[in-house]
Amino acid sequence: MTDQSSHAFTGISDSNQLNPLFARAGESTDFPLNTIPPGESLPETAYQVVHDEAMLDGNSRLNLATFVGTWMDPQAQQIYSESADKNLVDKDEYPQTAAIETRCWKMIATLWNAPDVETTIGTSTIGSSEACMLGGLALKRRWQQARRADGKSTEKPNLVLSSAVQVCWEKFCNYWDVEARYVPISDEHRVLDGSDLKTYVDENTIGVVAIMGVTYTGMYEPVADIAAALDAIQAETGLDIPIHVDGASGGMIAPFLQPDLVWDFRLERVASISTSAHKYGLVYPGLGWVVWRTLDDLPRDLVFDVTYLGGHMPSFALNFSRPGAQVLLQYYLFLRLGYDGYYRVQKASQDVAVYLSGEIGKMPAFTLWNEGTDIPVFAWQLTKGHTDRWNLYHLSERLRIKGWLIPAYPMPDNISEMVVQRIVVRNGLSRNLAESLILDIQEAVDYLDALESPMPTEGLISTFTH
Ligand SMILES: Cc1ncc(COP(=O)(O)O)c(C=O)c1O
């Protein structure tokens, strides 16, 4: 009897075999890795293979390296799957998603104390990187226009920023031919604080970047002090230099946890602010926001028109097609949580961060760099003289055995001999999990401290990128 006749006999055809328990072609044989397979496979088979490969990734909930959301509630998941097919750029075809996008950036502009939400402008982006690029481009174009109007050269724009900026700013300067003038951070000046700005700015400075939640450590830069330093520079030299606030994380923390901290559009010098909705905006990956103080802060010639309900809608973006689902998810969260809900979620994360930093700070092996009281992120160093047998890279490896992803990495250029380890506390890292983490850290430290000879260090480098 042939195979086919046995199928005929059992009434099971090739295309609807019962669960083959990993014995189906494709599961029991290899798919080619770098070429498209010659023929089709069952959806169940393809699903199983992809699902199983993805299973080899780390557990995203234990990934304490990322700032990006790893949990949303089931209703959000439902909206996500219902709207995964919507292209955000099709404003005319999906006018309601377009209207919701506008509502969202206006809500955020209000949260950031824009002087008048009717005369401000904003947009969603794919994340903070695109939002920062747009903020930087607007600064550059405004500077060029002012220079041209004065008959001056526009050949050598520069941007002043901390040496601890996220890589998106290095990219901005590289891609758009802007000289990056890095103000080095040090043990004494742990963030850009405006203290030495005079030596960095000149007539070619398109702006200063202030970070609300430095990626390396989670600390806020004092935007008001930076603005005051620029006010003094203007009084002395006449240079009127705007600020872009990179609020990738802090933009969605400070309005809830530090409402009295003046860092946003309450400062006249702040021309634009960006944030990642997929960080403390609590949305899954793929969404950011940028808002300009007034329409005048975003030069018109950077803005394109798209048709929308027979009319026109301004569009300023690097991408054309983009997922629309994340915008709906952001709106869902604004309705679901409201201001109070956001406060409670962010406060819960901060409480866990402060608990963790307190426990880690008590361990003699470690010296805290900060405590997680700005955004719920903190970093620590190995206490000087504690050991010469192991370092934070070894600790990171030991914790990985337990599933925790907690990176160790060098600080930026002028203090790059300093290695720190960082924890990002996000919604979903409960107090219970945090207590387990402390036990695992203590156990790893005990193991490493008990070593009789040093751990090998050859080939031990940080693979972590900011
Ligand atoms: C301060 C800062 N700016 C920009 C970014 C880039 O954000 P995104 O990953 O949303 O592009 C990050 C990411 O960690 C960041 O921390």
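Being a predicted model, the structure only gives us computed values, none of them experimental.

## Re the overall build of the chain
Piece 1. Looking only at helices and strands, the chain has 11 helices and 13 strands in total.
Piece 2. Seen through its C-alpha atoms, the chain measures out along the principal axes to roughly 95 × 75 × 45 Å.
Piece 3. Classification of the 466 residues of the chain by burial places 40% in the buried group.
Piece 4. Across the chain, every contact between residues at least 6 apart in sequence was considered, and the portion connecting residues at least 24 apart equals 69%.

## With respect to the site of the ligand
Piece 1. Taken together, 15 residues are adjacent to the ligand, and Gly 127, Ser 128, Ser 129, Gln 166 and Ala 248 come closest.
Piece 2. No other element matches the three residues that helix α5 (residues 128–149) contributes to the shell around the ligand.
Piece 3. Its residues placed into classes, the shell around the ligand shows five nonpolar, nine polar and one charged.

## Description of the UniProt feature "modified residue: N6-(pyridoxal phosphate)lysine" (unreviewed entry) in the chain
Piece 1. Per the UniProt entry, the sites bearing "modified residue: N6-(pyridoxal phosphate)lysine" (unreviewed entry) are Lys 279 in this numbering.
Piece 2. In this fold, Lys 279 is placed in the loop between β6 (270–276) and β7 (288–292).
Piece 3. Overall, the presence of 28 C-beta atoms within 10 Å leaves Lys 279 in the buried class.
Piece 4. Sequence-distant contacts of Lys 279, that is, excluding residues within four places in its chain, are made with Phe 67, Val 68, Ala 248, Ser 249 and Met 252.

## What about the sheet that holds strand β13 (residues 419–424)?
Piece 1. Read from one edge of the open sheet, four strands run β10-β11-β13-β12, paired in antiparallel fashion. Two strands in the sheet have a free side with no partner beyond their single neighbour: β10 (366–368) and β12 (408–410). This sheet shows a mean twist of 40° between the axes of neighbouring strands, independent of strand direction.
Piece 2. For β10 and strand β11 (residues 377–382), the ladder comprises three bridges, and the chain directions are antiparallel. When the bridges of β11 are listed, Leu 368 appears paired with Trp 380.

## A word on the packing of helix α3 (residues 74–83) against helix α9 (residues 325–362)
Piece 1. It is the contact of α3 with α9, at a shortest axis distance of 9 Å, that shows an interaxial angle of 150°. On the basis of their axis angle, the class for α3 and α9 is roughly antiparallel. Pair α3 / α9 crosses with right-handed handedness. On α9, the residues touching Ala 76, Ile 79, Tyr 80 and Ser 83 of α3 are Ala 325, Leu 328, Leu 329 and Tyr 332.
Piece 2. In the contact of α3 with α9, the residues fall into seven nonpolar, one polar and no charged.

## A word on the nonpolar core
Piece 1. Ranked by size, the top nonpolar core spans 115 residues in total, and within it Ala 210, Val 223, Ile 226, Ile 243 and Val 291 carry the most contacts.
Piece 2. Here the element with the most residues in this core is α9; it accounts for 11 residues.
Piece 3. Both domain 2 (78–333) and domain 3 (347–449) contribute no fewer than three residues apiece to this core.
Piece 4. Other than its neighbours up to four places away in sequence, Ile 243 contacts Gly 207, Val 208, Ala 210, Val 223, Ile 226, Ala 227, Arg 269, Val 270 and Ala 271.

## Side note on unusual backbone geometry
Piece 1. For Asn 113, which is not a glycine, the phi torsion comes out positive at approximately 60°.
Piece 2. Residue Asn 113 is classed as partly exposed on the basis of its C-beta count, with 18 C-beta atoms lying within 10 Å.

## Description of the sheet that holds strand β2 (residues 158–162)
Piece 1. Spatial ordering of the open sheet is given by β1-β7-β6-β5-β4-β2-β3, a layout of seven strands whose pairing is mixed. A single partner strand is all that each edge strand has here, and the edge strands are β1 (121–125) and β3 (179–183). Each neighbouring strand pair of the sheet contributes to a mean axis angle of 20°, computed without reference to strand direction.
Piece 2. Of the pairings in the sheet, the one linking β6 to β7 comprises five bridges and is antiparallel in character. Bridge assignment links Ile 273 to a residue of β7, and that residue is Val 291.

## A word on helix α6 (residues 167–175)
The α-helix advances 3.6 residues per turn, and as a result positions three or four apart in sequence lie on the same side.
Piece 1. If you check which residues of α6 are buried, you get Cys 168, Trp 169, Phe 172 and Cys 173. Axial view of α6: buried residues confined to an arc of 140°, hence all on one face. Of the exposed residues in α6, those oriented more than 90 degrees away from the buried face are Val 167, Asn 174 and Tyr 175.
Piece 2. Those residues of α6 that are buried are in contact with α5, β2, β3 and β4 (205–211).
Piece 3. Looking one or two residues past α6, Asp 177 carries a phi angle of roughly 50°, positive in sign.

## Considerations on the packing of α9 against helix α11 (residues 431–449)
Piece 1. Look at α9 against α11: their axes get within 10 Å of each other, and the N-to-C directions meet at 20°. Between α9 and α11, the interaxial angle falls into the category roughly parallel. α11 is crossed by α9, and the crossing has right-handed handedness. Touching Val 352, Tyr 355, Leu 356, Glu 359 and Ile 360 of α9 are Arg 431, Ala 434, Leu 437, Ile 438 and Ile 441, all from α11.
Piece 2. Grouping the constituent residues of the contact of α9 with α11 by class yields eight nonpolar, no polar and two charged.

## Points about the domain arrangement of the chain
Piece 1. What the domain assignment reports for the chain is domain 1 (3–56), domain 2 (78–333) and domain 3 (347–449).
Piece 2. Taken over C-alpha atoms, the centre of domain 1 sits 48 Å from the centre of domain 2.

Thresholds, definitions, all that
All residue numbers refer to positions counted from 1 along the written sequence of the respective chain. In keeping with the predicted nature of the model, local features appear solely for residues at pLDDT of at least 70, side-chain atom pairs appear and are counted solely at 80 or more, and the whole-chain, interface and lining totals rest on all residues. Only DSSP runs of H or I with at least four residues qualify as helices, and only runs of E with at least two residues qualify as strands; both kinds are numbered from the N terminus onward. Residues are called buried when their C-beta atom has 20 or more other C-beta atoms within 10 Å, exposed when it has 12 or fewer, and partly exposed otherwise; all C-beta atoms are positioned from the backbone. Contacts here follow a simple rule: the backbone-placed C-beta atoms of the two residues must lie within 7 Å. Nearness here is judged by the C-beta atom: place it from the backbone, and if it falls within 6 Å of a molecule or strand, the residue counts as near that partner. Side-chain classes follow a simple rule in which Ala, Val, Leu, Ile, Met, Phe, Trp, Tyr, Cys and Pro form the nonpolar group, Asp, Glu, Lys and Arg form the charged group, and the remainder, Gly included, forms the polar group. UniProt positions are given in the numbering used here, feature names are shortened, and annotations may be inferred rather than shown by experiment. Strand pairing is assigned whenever DSSP identifies at least 2 bridges connecting the two strands. In this analysis, axes come from line fits to C-alpha atoms, helices being fitted only over the stretch in contact, and the angle between any two N-to-C directions falls in the range 0 to 180 degrees. Working rule for angles: under 35 degrees goes down as roughly parallel, over 145 as roughly antiparallel, 65 to 115 as roughly perpendicular, anything else as oblique. Left-handed describes a crossing in which the near helix is turned anticlockwise from the far one by less than a right angle; the clockwise case is right-handed. By definition, a nonpolar core groups buried Ala, Val, Leu, Ile, Met, Phe, Trp, Tyr and Cys residues that are joined through C-beta atoms within 7 Å. For the domains described, the bounds stem from an automatic or database domain assignment. Summarising the geometry, the arc corresponds to the directions from the helix axis toward the C-beta atoms.

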